[in-house]
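A structural walkthrough
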Amino acid sequence: MKTLCALAAIVVAAVSVVAAQPARRAIALVVSGGTVVTQNATRQILSPGAVAIDGTDIVEVGDVQAIAAKYQARETVDARGQVVLPGLINTHTHAPMVMYRGLADDLALMDWLQKYIFPAEAKTVSPELVRIGTRLAALEMIESGTTTFADMYYFEEEIAKAAFAAGLRGVLGETIIQFPVADAKTPAEGLARAERFIREFKDNGLIVPAVAPHALYTNDKATLVASAELGRKYDVPILIHFAETEDEVRVAREQYRMSPAAALESIGFWGPKTLGAHGIWVSDEDIAILKRRNVGVAHNPESNMKLASGAAPVTKYLAAGVALGLGTDGAASNNDLDMFEAMRQAAFLAKHATKDPTAVPAQTALDLATIGGARALAMERLIGSIEAGKRADVITVSMTAARQTPLYDPISHLVYATRGDDVRTTIVNGKILMKDRQVRTLDRATVIADANRLAQKVREAVR
Ligand SMILES: [Zn+2]
């Protein structure tokens, strides 16, 4: 009798244990143990925390024990000693231009474009260069924690295919420009190409096709209007360079008797899915136009400093509530795609330009590269922060280098002491693209060898 009672007690105890621990939900991935910098509305930080991921989405963000008790993951990323961060968003680049990295430096924008870059492109841009260049850019972006990039170039379908194969998210705009270029002899041909490209990639889960009229000074009014109409017809983003140099302002005043921002407004160009890169030479009225039209602006501090284009009024944009993101611009004017460096330079340039050390503090610079970039691309419901229901675009960043020691404040280190090389893990759309610095979606040696081989052709073409 006594044994029976004891046995019954064991059974009851066992049942209650099972009842207290319901079956854990099977999911794909947990990133656990790091300091989770969520970038959500309250800028919550969990230290340590864990992120549960399944399919393409973030399922839950919480403390390590709670997530472990609830979920059984097929794969775990151990993020102890690291910061877990939303993937960085590069709102302005020209990915294949990594092939022109270091080809012509130390020049003003118009000299650099007209004497070197446009001629080099005329001789060498091809589907092959775009494909090989994009793979190289994708490798660099994955290795430095960029998970989404907005692009403007030629043969954009090749960029889309290469980015998709590498697993990156892209807002990719086919360039429309008035003069003959490698993939279109006329703007009309460019627009037809852009339309085919949009139709081909419209429903892709990673690639958002876009139309990218190069700038006000490289397109006539009819082409700009047609580009905007094409974007609106398919409800896709419209990307443009604007107000990058004082010279551009002078040309706009001659041609339109207005600033570049006002000229684009006067032809009905701006709208909620337009993204303007640079926006350096803008008045308060221009900023008010951009805010009223819900235009996203891409700030490119490194390119702007290197080409001595000027300093965008970042604090004014932010005070006005304009959706501001951060970009590297093409690698030929930067010369890399490291968004950590872009954050640091955004902070430094704003302080220097305004003579105010409180301008663009570290948290603001981090915002520009994450949730700010998402807003600028009108994608803040999908990306830009680590929150349940958003796409799982997540990176982990090592915080143990000598230059990151001691660690008082992870936000300070992310902006002022961290480099792209410190990124350990890159996850996009729930898929691990890099773990422990091993890129899974690209063969590193082949990508580098292909780029070096192609560089011989570029060298010969511009000799
Ligand atoms: Zn650019």
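Residues numbered from 1 in each chain as written. Predicted model: local features only at pLDDT ≥ 70, side-chain atom pairs only at ≥ 80, totals over all residues. Heavy atoms only, no water.

Moving on, we come to the overall build of the protein chain. In terms of helices and strands, the protein chain carries 17 helices and 17 strands. The C-alpha atoms of the protein chain give a radius of gyration of 24 Å, which matches the 23 Å a tight globule of 463 residues would have. In the protein chain, which comprises 463 residues, the proportion classed as buried is 58%. Taking contacts inside the protein chain between residues at least 6 apart in sequence as the whole, the part at least 24 apart equals 73%. Side-chain charges of the protein chain comprise 50 positive and 52 negative groups, with the mean position of each set lying 4 Å from the other. (Helix = DSSP H or I, 4+ residues; strand = E, 2+ residues; numbered from the N terminus. Rg over C-alpha atoms; globule rule 2.2 N^0.38 Å. Buried < 20%, exposed > 50% of the residue type's maximum accessible area, 1.4 Å probe, protein only. Contact = heavy atoms within 4.5 Å. Lys, Arg positive; Asp, Glu negative; His and termini not counted. Charge placed at Lys NZ, Arg CZ, Asp CG, Glu CD.)

Let us now look at helix 4 (residues 127-143). End to end, helix 4 covers 24 Å across 17 residues, agreeing with the expected 24 Å (1.5 Å per residue, within 8%). Here helix 4 lies mainly inside the structure; 13 of its 17 residues are buried. Positioned one or two residues after helix 4, glycine 145 has a phi angle of 85 degrees, which is positive. (Expected span 1.5 Å × (residues − 1).)

Attention now moves to the packing of helix 5 (residues 156-166) against helix 6 (residues 187-201). Two numbers describe how helix 5 lies on helix 6: the axes approach to 10 Å, and their chain directions differ by 25 degrees. In terms of axis orientation, helix 5 runs roughly parallel to helix 6. Contacts from Glu156, Glu157, Ala160 and Lys161 in helix 5 reach Arg193, Phe197 and Phe201 in helix 6. Residues belonging to the contact of helix 5 with helix 6 are distributed by class as follows: three nonpolar, no polar and four charged. (Axes fitted to C-alpha atoms, helices over the stretch in contact; angles between N-to-C directions. Parallel < 35°, antiparallel > 145°, perpendicular 65-115°, else oblique. Nonpolar A, V, L, I, M, F, W, Y, C, P; charged D, E, K, R; others polar.)

Applying the stated rule across the entire model yields six aromatic pairs. Arranged with centres 5.6 Å apart and planes meeting at 80 degrees, the rings of phenylalanine 269 and tryptophan 270 form a pair that is edge-to-face. A single burial state applies to phenylalanine 269 and to tryptophan 270, both of which are buried. Taken together, the aromatic side chains of Phe242, Phe269 and Trp270 make up a single cluster linked through ring pairs. (Phe/Tyr/Trp six-rings, centres within 6.5 Å; stacked < 30°, edge-to-face > 60°.)

Protein ligation of the zinc ion involves His92 (NE2), His94 (NE2), His241 (NE2) and Asp329 (OD), the donor distances falling in the range 2.1 to 2.4 Å. What the four donor atoms of the zinc ion show is an angle range of 86 to 177 degrees at the metal, which sorts the shape as irregular. Donor residues for the zinc ion sit on one chain with the sequence pattern H-x1-H-x146-H-x87-D. Of this pair, histidine 92 sits in strand 6 (residues 88-93) while aspartate 329 sits in the loop between strand 13 (323-326) and helix 13 (339-354), and the two are 237 residues apart along the sequence. Each of the two residues, histidine 92 as well as aspartate 329, counts as buried. (Donors = N, O, S within 2.8 Å, 3.2 Å for Na, K, Ca; no water. Tetrahedral: all angles 85-135°; square planar, octahedral: opposite > 155°, others 65-115°.)

Further remarks concern the environment of aspartate 450. Along the chain, the position of aspartate 450 falls in helix 17 (residues 444-462). Here aspartate 450 falls in the buried class, since its relative accessible area comes to 19%. Not counting residues up to four positions away in its chain, the partners in contact with aspartate 450 are Ile132 and Arg135.

Secondary-structure assignment places threonine 405 in the loop between strand 14 (394-398) and helix 16 (410-416). For the pair threonine 405 and alanine 417, spaced twelve residues apart in sequence, the C-alpha to C-alpha distance is 9.4 Å. If we ignore the near neighbours within four places in the chain, the residues touching threonine 405 are Thr400 and His413. Reaching out from threonine 405, the side chain makes a polar contact with the backbone oxygen of alanine 401 at a distance of 2.8 Å. (Polar contact = N/O pair within 3.5 Å; in protein donor to acceptor, adjacent residues only side chain to side chain.)

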